[in-house]
Amino acid sequence: MSRGWPALAVGLAVAVGGAARAEELDRVVAVVRGRAAEEPHVLTLSRVEEETRIALVARGGMRAATEPLDADALRAGLDWLVGQTLLAEEAARLRVFDVDAATSRGELDRFRGRFASPSEYRDFLARLDLPEAELEAILRRTLRVSLYVESKLALAGRSPDRAQAETEALLRDLRARAEVRILGLPEGRR
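Residues numbered from 1 in each chain as written. Predicted model: local features only at pLDDT ≥ 70, side-chain atom pairs only at ≥ 80, totals over all residues. Heavy atoms only, no water.

Turning our eyes to something else, we now look at unusual backbone geometry. Glycine aside, residues mostly have negative phi, and peptide bonds are mostly found in the trans state. Located in the positive-phi region is Arg95, a residue other than glycine, with phi close to 60°. Note that Arg95 resides in the loop between α2 (71-94) and α3 (101-113). With a relative accessible area of 75%, Arg95 lands in the exposed category. Located in the positive-phi region is Phe97, a residue other than glycine, with phi close to 60°. As for its placement among the helices and strands, Phe97 is situated in the loop between α2 and α3. Taking relative accessible area as the criterion, Phe97 reaches 33% and is therefore assigned partly exposed. (Helix = DSSP H or I, 4+ residues; strand = E, 2+ residues; numbered from the N terminus. Buried < 20%, exposed > 50% of the residue type's maximum accessible area, 1.4 Å probe, protein only.)

Structure below.
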C-alpha cells in the first residue's frame with residue numbers, strides 16, 4: 001500500500017448491459033498510523049461494524065449479534081476501534097503483554113459461551129463472514145490492549161473516575177503522536 005491516504009470507497013467496475021458502473025464493495029472510514037507503524041491501518045465500514053458487534057457481544061450485548069447497529073453504536077465503535085488500533089500498536093512496539101495460545105483460546109471459549117447454542121454462534125460467524133481464527137485474533141488483540149491499559153492504570157490507583165481520566169489521557173497522547181484521519185460514516189449511518 002502506498003503511503004498516501006486511500007480512496008474513500010473501495011469499488012469494482014461491473015459490466016451491466018454493456019455499460020460499466022462502479023459498485024461500492026466497502027468504504028474506508030478511517031486511516032490510522034501510529035508513530036511506529038510502517039503502513040497505515042485502513043479501517044473499513046465493514047470492519048467497524050464487525051468489531052463493534054464483537055465488542056458488544058463480548059460485553060453481553062447479545063442484540064448486537066443479530067440486530068442492525070444504529071448510528072450512535074457505529075460512531076462509538078469507530079472511536080473504540082481507532083483507540084484499539086493505537087493501543088495495540090503501542091503494546092506491540094513496547095513488546096509487552098503478548099497473549100499466549102491457551103489464553104487466547106480461553107477468550108474465544110468465553111465469547112462462544114455468550115451464545116445460547118452452538119448454532120447461534122455459527123450463525124453469528126456466518127453473518128459476518130468471519131472465520132473463527134480471525135475472531136480469535138480480534139479477541140487476542142482486545143485482551144492484549146486490556147492488559148496494557150490495566151498496567152498503566154495500576155499506577156493511577158483504583159478509582160473508576162481516575163482510571164477513566166488516565167485512559168483518556170493515554171489515548172489523547174497516542175492520538176497526538178499518530179496520524180488519524182476519520183473519513184466518516186456514510187450518510188444515514190452518522
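Moving on from the coordinates now.
Glancing now at the nonpolar core. In terms of nonpolar packing, the biggest core is built from 40 residues, with Ile54, Phe111, Phe124 and Leu135 touching the most fellow members. When residues of this core are traced back to their parent elements, those giving at least two are β2 (19-33), α1 (45-58), α2, α3, α4 (118-128), α5 (132-154) and α6 (160-176). When residues of this core are assigned to their parent elements, the largest contribution, 9 residues, is made by α2. Beyond its immediate sequence surroundings of up to four residues, Ile54 is in contact with Phe111, Phe124, Leu130, Leu135, Ile138 and Leu139. (Core = buried A, V, L, I, M, F, W, Y, C linked by side-chain atoms within 4.5 Å. Contact = heavy atoms within 4.5 Å.)

In the predicted model, the protein carries a mean pLDDT of 88, and the fraction of residues at 70 or more is 85%. Residue range residues 1-14 is modelled with pLDDT below 50. Its contacts to residues more than four positions away, or to other chains, number 37 contacts. (pLDDT = per-residue confidence, 0-100.)

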